Amino acid sequence: MAEEIQHGAAAEDGHLAEMQRSGHYRRLFRRFVFLSLFCSLVPLLLVGWGMNIHYTDFARSRMLVEFREDVAYHQKIIEMFLKEMCSKLQIVAGTHSMEFLSNPANLNEVFELMNKNELTITDIGVIDHTGHHLAYIGPYDLMDKDYSRTFWFPQVMEKGLYISDMFMGYRVEPHFIIAVASTSPGGQKWILRATVNTDAFRSLVENVQIGETGEVYLLNQEGVYQTTPRFSGHIMEKSPFPVDPNQTGIQVKLIEPEDENGRKGQKQVVSSTWLRDPHWLLVVKQDYAEAFYAVNHANYAVLIFLHLSALTILAVSVLISRHMVRLIKKQDMEADNLNRQLTQTSKMASIGELSAGVAHEINNPLAVILTELQIVMDAMNDTPELDKGFSAQLDDSINQIIVQIQRCKHITTNLLRFSRRTRPIIEDVQLNEFIEEVIELMEREAKSCGIRFFAELDENLPLMLTDPSQLQQVFLNMITNAIDAHDGKGYGSVTIRTRFKGTAGDPNPKVLVEIMDTGNGIPPENLDKIFDPFFTTKPVGRGTGLGLSICFSIIKRLGGEISVRSQVGEKTEFSISFPLHPPAELLEQMHKEQ
């Protein structure tokens, strides 16, 4: 009962230690992930943030420059058109007399010449100093109209050249005029007036589209539309756009227009500039989202790239951290395995010392028993009158005592030899004799399990230079495993074969040892795992999974090789090869330890 409680407490302590170690590995994993992410993501985000700000500022500045250039280009186109119209009228008025142009045929010829390539003027007329037509060419009935009281007449007479704003006039439709004044030889002033084709001018301004949301229009100084905007408002309506008569150059700004209910609309980029003559304000609008689509798209791409990079870094950090924790866990397991091997070696050394002490303690009583037995035998020889039957029976008992004493002496001799082998030392070993000693030690346990030993030993084996203590540990483990492999059968055999593999002049001669049992065998899926630390198929409490792992390590350390073949339910065969001389590394290590 006490043993069960102790075993349960040990199991609980082991489980608690395993949980603590698992918690340590989890904390270590989280720390690795955190440090990896911190050291990777922070620089990435800082660099990405800096590049994004730099690119955004650069791209926005570039877009605003392009916007200014577009406005300047539209301004130049409109001003060139108006300047060309003014130049044509000034040339006609300067090269032709009032009398010549007052002839409708001559004026019609001029009208057709001015519209030869494109219909740019709707009508043309010659007006005297009183404001009445001397001649008129056009689709309207305006010959009898008096222009002396119109807003533009005194402006032309005073300035000599005048471009009006859009107005309705006698024709009751939006239009604007260009008029030039000239003086006849008689000293009278006259006016050559032309009405610019509204459709041609509006197409020049309004049809210049900028993207899907851009619009271009003109405003006079009172903020009245001189052309019709693309999306809202009509020609000659009052515009909500604020007009600053003192504005100079090209201005670019961002606005958020509001509707009648005060709700803000789509953010827009607005650029404006004043034409020189007439003094009209050229306005170019475009939605901010479209104007800066390239910038926003680049920012969106950078954002996606940063997210993908962050996810990649996260995945890589997790994988690397997991790999590092696995390596640390493996190193810890190897350290534990090494500690167990050291503990096992220490135990073997302690057992060896204990065996030596026990052997000496047993040898002393055996010597006394032999002495006393000799006295009894001498006394028996000096007493001839003993009964013959009793004498024969006593003689048989004495012989049996001698046999048992010799057996005990043989056992103590083996124990002493075993104790000497627990010390790590390189010496010559006769492998056959070594195996026979191990068999003799294990034979009693094997017989109790119904298992017999068969030794097929090569008589021509040369001496091996090796470590007998480690060699002993290998064969004890291997033969113990061979006996345990018969668990549940109740019978079987273990065969041990030795043979020499080498020829004359062979630089690497070897000794082969084969250990074959008729046990339960090893499933194919476990053959690659039997040498792994802590792998065992034995029930809980029957094995730690370290025996074959330790044997594998020792064999490798001694310069040997081990392989296994097995058939489930029939047999398992281990083949071990040892060099006749140990590796130089082992000799150097033993020399340092000594």
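Residues numbered from 1 in each chain as written. Predicted model: local features only at pLDDT ≥ 70, side-chain atom pairs only at ≥ 80, totals over all residues. Heavy atoms only, no water.

(A) Summary view of the overall build of the protein. Looking only at helices and strands, the protein features 12 helices and 16 strands. Counting all 594 residues of the protein, 37% fall into the buried class. A separation threshold of at least 6 residues defines the contact pool for the protein, and within that pool the share at least 24 residues apart is 62%. For the protein, the accessible surface area stands at approximately 34600 Å², while carbon and sulfur atoms represent 56% of it. (Helix = DSSP H or I, 4+ residues; strand = E, 2+ residues; numbered from the N terminus. Buried < 20%, exposed > 50% of the residue type's maximum accessible area, 1.4 Å probe, protein only. Contact = heavy atoms within 4.5 Å. Areas by Shrake-Rupley, 256 points an atom, 1.4 Å probe, with all protein chains shown as cover.)

(B) Region of the structure containing the side chain of Thr466. With respect to the helices and strands, Thr466 occurs in strand S12 (residues 464-466). Here Thr466 is in contact with Ile425, Ile426, Glu427, Val429, Leu471 and Leu558, once residues within four sequence places are set aside.

(C) Focus on the pairing of strand S4 (residues 177-183). Taken across its seven residues, S4 has five buried, putting it largely inside the fold. As paired elements, strand S3 (residues 161-163) and S4 share three bridges and run antiparallel to each other. Paired with Tyr162 across the strands is Ala179, a residue of S4. Note: S4 against strand S5 (residues 189-196), seven bridges, orientation antiparallel. Within the sheet, the bridge partner assigned to Thr183 lies in S5 and is Lys189. (Pairing = 2+ DSSP bridges.)

(D) Seen up close, the sheet that holds strand S6 (residues 215-219). Across the sheet, which stays open at both edges, the four strands sit in the order S6-S9-S8-S7 with antiparallel pairing between neighbours. The outermost strands of the open sheet, each flanked by one partner alone, are S6 and strand S7 (251-255). Looking at each pair of strands side by side, their axes are set apart by 25° on average, direction ignored. In terms of strand pairing, S6 meets strand S9 (residues 281-287) through five bridges, oriented antiparallel. Bridged to Glu215 within S9 is Lys285. (Axes fitted to C-alpha atoms, helices over the stretch in contact; angles between N-to-C directions.)

(E) Seen up close, the pattern of salt bridges. Enumeration over the complete set of coordinates arrives at nine salt bridges. With a shortest N-O distance of 3.0 Å, Arg276 and Glu79 are connected by a salt bridge. With a gap of 197 residues between them, Arg276 in the loop between strand S8 (268-274) and S9 and Glu79 in helix H1 (residues 2-95) connect regions that are remote in the sequence. For Arg276, a relative accessible area of 67% corresponds to the exposed category. (Salt bridge = Lys/Arg side-chain N within 4 Å of Asp/Glu carboxyl O.)

(F) The arrangement of helix H10 (residues 468-484) in detail. With 17 residues, H10 should reach 24 Å at 1.5 Å per residue; the first-to-last C-alpha distance of 24 Å fits that figure. With 13 of its 17 residues buried, H10 lies for the most part within the structure. (Expected span 1.5 Å × (residues − 1).)

(G) The packing of aromatic side chains, seen in detail. Summed over all chains, the structure comprises 12 aromatic pairs. An aromatic cluster is present here, built from Phe81, Phe176, Phe201 and Trp280 joined pairwise through their rings. In this structure, Lys267 packs its charged tip against the face of Tyr288, placed 4.7 Å from the ring centre. (Phe/Tyr/Trp six-rings, centres within 6.5 Å; stacked < 30°, edge-to-face > 60°. Lys NZ or Arg CZ within 6 Å of the ring centre and 35° of its normal.)

(H) Focus on a negative patch on the surface. Together, Glu433, Glu436, Glu440 and Glu443 give the surface a local cluster of negative charge. Residue classification places Glu433 among the partly exposed residues on the basis of a relative accessible area of 49%. (Patch = residues over 30% accessible without salt bridge, like charges linked within 9 Å, V, L, I, M, F, W, Y side chains within 5 Å. Lys, Arg positive; Asp, Glu negative; His and termini not counted. Charge placed at Lys NZ, Arg CZ, Asp CG, Glu CD.)

(I) Region of the structure containing the sheet that holds strand S2 (residues 133-137). Spatial strand order, S2-S1-S5-S4-S3: five strands in an open sheet with antiparallel pairing. The open sheet is flanked by S2 and S3, the only strands paired with a single partner. Adjacent strand axes in the sheet meet at a mean angle of 15° when their direction is disregarded.

(J) Spatial organisation of the pairing of S5. Counting buried residues along S5, seven of its eight residues qualify, which places the element largely inside the surrounding structure. Pairing of strand S1 (residues 121-127) with S5 involves six bridges; the strand directions are antiparallel. Paired with Ile121 across the bridge in S5 is Val196. The antiparallel hairpin formed by S4 and S5 contains five residues in its connecting segment, where Gly187 sits at a positive phi of about 95°.

(K) Expanded view of the nonpolar core. Formed by 47 residues in total, the largest nonpolar core has its most connected members in Ile124, Phe176, Ile178, Leu192 and Phe201. Not counting chain neighbours up to four residues away, the residues in contact with Ile178 comprise Leu82, Met85, Cys86, Leu89, Leu161, Tyr162, Ile163, Leu192, Arg193, Ala194 and Val196. Among the nonpolar cores identified, the runner-up in size contains 41 residues, and Ile435, Ile555, Ile562 and Leu580 belong to it. (Core = buried A, V, L, I, M, F, W, Y, C linked by side-chain atoms within 4.5 Å.)

(L) Expanded view of a nonpolar patch on the surface. Taken together, the side chains of Phe34, Leu35, Phe38, Val42, Leu46, Trp49 and Ile53 present a nonpolar region at the surface, about 730 Å² in accessible area. In this fold, Leu46 is placed in helix H1. Residue class for Leu46 comes out exposed when judged on its relative accessible area of 54%.

(M) Just the packing of helix H9 (residues 431-448) against H10, in detail. Viewed as axis vectors pointing N to C, H9 and H10 meet at an angle of 40°, and their least axial separation amounts to 10 Å. Regarding the angle of H9 to H10, the classification is oblique. Seen along the crossing, H9 lies across H10 with a hand that is right-handed. Mapping the contact onto sequence places Leu431, Phe434, Ile435, Val438, Met442 and Ala446 in H9 and Pro468, Leu471, Gln472, Phe475, Leu476, Ile479, Thr480 and Ile483 in H10. (Parallel < 35°, antiparallel > 145°, perpendicular 65-115°, else oblique. Left-handed = near helix turned anticlockwise from the far one by under 90°.)

(N) Spotlight on a positive patch on the surface. Taken together, Arg26, Arg27, Arg30 and Arg31 make up a surface patch of like positive charges. Structurally, Arg27 is set in helix H1. For Arg27, a relative accessible area of 41% gives the class partly exposed.

(O) Expanded view of the environment of Arg263. Turning to its location among the elements, Arg263 is positioned in the loop between S7 and S8. Judged by relative accessible area, Arg263 falls into the exposed class, the value being 55%.

(P) Seen up close, unusual backbone geometry. For the peptide bond that leads from Asp277 to Pro278, omega is 5°, which places it in the cis range. Along the chain, the position of Pro278 falls in the loop between S8 and S9. The phi dihedral of Val172 falls on the positive side, at around 55°, and the residue is not glycine. On the basis of relative accessibility, which here comes to 62%, the residue Val172 falls in the exposed class. Here the phi dihedral of Met236 falls at roughly 70°; this positive angle occurs in a residue that is not glycine. Considering the arrangement of structural elements, one finds Met236 in the loop between S6 and S7.

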